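Commentary on secondary and tertiary structure
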Amino acid sequence: LGRIRSPGTENQIVKYNIISDTVDGSIGDGMAFRKTGGDLSLSPNGQMFANGWESEKYLIYHLVRLTDAEEIVSPPIYRGSYTKGNLRIDAAPRWNRIGNKLLVPGWYGERRQLNVISIENAAV
């Protein structure tokens, strides 16, 4: 899974076959992902997909369960003033080994924080 910049694949996350070097379909209908240029992450069990992106001073995560295309979008997570440069806080979602929690960065008070997004019934 990933993104490819080619005609017909804008705003889509595509299934790419590395053996045949072809696009074998996509996730979403082209409008499902608000910003496909964000950070992408497939869960270790291969059943969940996360797309994280920046919106001004916030991070937002779009999650899709691949088995039935169920989708959720996280509430915005504040990332403070670190939006550019070497110390910026990127979306960079990280899955736990089971695939039912996502570790994401953020900002709270005076400090960087790590947040956990828990997904109930993530495994099918």
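Everything quoted here is computed from the prediction, not taken from an experiment.

Criteria and cut-off values
- Residues numbered from 1 in each chain as written.
- Predicted model: local features only at pLDDT ≥ 70, side-chain atom pairs only at ≥ 80, totals over all residues.
- Heavy atoms only, no water.
- Helix = DSSP H or I, 4+ residues; strand = E, 2+ residues; numbered from the N terminus.
- Buried < 20%, exposed > 50% of the residue type's maximum accessible area, 1.4 Å probe, protein only.
- Contact = heavy atoms within 4.5 Å.
- Areas by Shrake-Rupley, 256 points an atom, 1.4 Å probe, with all protein chains shown as cover.
- pLDDT = per-residue confidence, 0-100.
- Core = buried A, V, L, I, M, F, W, Y, C linked by side-chain atoms within 4.5 Å.

A count of helical and extended segments in the chain gives zero helices and 10 strands. Ordered by position from N to C terminus, the α and β elements of the chain give β-β-β-β-β-β-β-β-β-β. Expressed as a percentage of its 124 residues, the buried residues of the chain come to 35%. Long-range contacts, defined as pairs at least 24 residues apart, comprise 37% of the intrachain contacts of the chain with a sequence gap of at least 6. When the accessible surface of the chain is summed, it comes to about 7700 Å², and 49% of that surface belongs to carbon and sulfur atoms.

Chain-level statistics for the chain give a pLDDT mean of 78 and a share of 78% at 70 or above. Averaged pLDDT values over the elements of the chain bottom out at 75 in strand β1 (residues 13-17) and peak at 92 in strand β8 (residues 94-95).

In terms of nonpolar packing, the biggest core is built from 14 residues, with Y61, L63, W95, L102, V104 and I117 touching the most fellow members. Of all elements in the fold, only β4 (48-55), β5 (58-65) and β9 (101-108) reach the threshold of two or more residues within this core. Setting aside its immediate chain neighbours within four residues, W95 contacts S41, L42, S43, P44, M48, F49, A50, L63, N100, K101, L102 and I119.

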